[in-house]
Amino acid sequence: LYITRIYNWQIVNGGQTTASIAASLSDREVDLAKVFVPMKISVIQDADNGSNIVKAISTYANSQTAIKNSDFSTNDPYLIELERLSRCEWVPNGKCKPISKWYFERTRGQYIDQYAQLSGFNEKTFKIEYPKNQRLTKTDISRYEMLWRQQPYNVCKGNEGNYALFVADIKRDKPNITNVYFHHVVAKGILYRTIDSIVNSKKLGGYKSSMNAYLMSSISFLSNGRLNLDYIWETQK
């Protein structure tokens, strides 16, 4: 018996091995003809519990590597749709032609990994289209959204604790992920980063992240959630 095709596969443990193989493919001095890599394939036949089984396999197979809980939700439809929108929604640039986008990292380190695979003209184009300061992660978005829902106490529990609560809310509420939804997420991010910059300039000492959290939730509360997020998206400030 031999395998002819694998559907919907993912590497559970073998990132360094995969990276080494990829690097050697572009090195003409390395001969892979006699190289064999042992591997184990787990076929998930229980479709109803597939995501839980994959999560359990990932957890126990990576016991020596720091795996965060937020890493297990990368295939969630919510995140997949946000990633798709982040690759096609251009940032408004006044009357000039848009030149950049906000890059959403569905998987940890995705931005750096994609950038590392480029060179020359493609590298420069990527940096212009996706500036480093316009990068969003899963935990970033969960922070902005939970603060706008006036839950700073949950955000202050830390990235992973807050993210778990956010995922539970998303599964319950099932928000409609449209381009406007994405614009508002980015707008909340711009608002949070502006608050962070102002608080940082005041040099108030420790607990800056907690100050940021309660300030942003206060803005949401005082405006009754009606701050003009479309304006922030259009002006990017």
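Residues numbered from 1 in each chain as written. Predicted model: local features only at pLDDT ≥ 70, side-chain atom pairs only at ≥ 80, totals over all residues. Heavy atoms only, no water.

**Some details on the overall build of the protein**
Phase 1 of the analysis: Within the protein, the secondary structure is distributed over 11 helices and 2 strands.
Phase 2 of the analysis: Along the protein, from the amino end to the carboxyl end, the secondary structure elements read α-α-α-β-α-α-β-α-α-α-α-α-α.
Phase 3 of the analysis: With the C-alpha coordinates aligned to their principal axes, the bounding extent of the protein is approximately 65 × 45 × 40 Å.
Phase 4 of the analysis: Residue burial in the protein is summarised as follows: out of 237 residues, 32% are buried.
Phase 5 of the analysis: Partitioning the contacts of the protein with sequence separation of at least 6, the portion at a separation of at least 24 is 63%.
Phase 6 of the analysis: When the accessible surface of the protein is split by element, carbon and sulfur atoms take 54% of a total near 16200 Å².
Phase 7 of the analysis: Both charge centroids of the protein, one from 31 positive and one from 22 negative side chains, sit 5 Å from each other. (Helix = DSSP H or I, 4+ residues; strand = E, 2+ residues; numbered from the N terminus. Buried < 20%, exposed > 50% of the residue type's maximum accessible area, 1.4 Å probe, protein only. Contact = heavy atoms within 4.5 Å. Areas by Shrake-Rupley, 256 points an atom, 1.4 Å probe, with all protein chains shown as cover. Lys, Arg positive; Asp, Glu negative; His and termini not counted. Charge placed at Lys NZ, Arg CZ, Asp CG, Glu CD.)

**Notes on unusual backbone geometry**
Phase 1 of the analysis: Here Lys 174, not a glycine, exhibits a phi torsion of approximately 50 degrees, which is positive.
Phase 2 of the analysis: Phi is positive for Lys 203, which is not a glycine, with a value near 50 degrees.
Phase 3 of the analysis: With respect to the helices, strands and loops of the structure, Lys 203 is situated in the loop between α9 (179-202) and α10 (208-222).

**As for the nonpolar core**
Phase 1 of the analysis: If you look at the biggest cluster of nonpolar residues, it comprises 34 residues, and the most contacted ones within it are Tyr 78, Leu 82, Trp 102, Ile 141 and Met 216.
Phase 2 of the analysis: Those elements that place two or more of their residues in this core are α3 (77-86), α6 (138-148), α8 (159-173), α9, α10 and α11 (229-235).
Phase 3 of the analysis: With 10 residues, α9 is the single largest residue contributor to this core.
Phase 4 of the analysis: What Leu 82 contacts, discounting residues up to four positions off in sequence, is Phe 104, Ile 141, Ile 177, Tyr 181 and Phe 182. (Core = buried A, V, L, I, M, F, W, Y, C linked by side-chain atoms within 4.5 Å.)

**Details of the side chain of Lys 188**
Phase 1 of the analysis: Mapping Lys 188 onto the fold places it in helix α9.
Phase 2 of the analysis: A polar contact is formed between the side chain of Lys 188 and the side chain of Glu 145, at a distance of 3.0 Å.
Phase 3 of the analysis: Residues in contact with Lys 188, not counting those within four places in the same chain, are Tyr 144, Glu 145, Trp 148, Met 216 and Leu 229. (Polar contact = N/O pair within 3.5 Å; in protein donor to acceptor, adjacent residues only side chain to side chain.)

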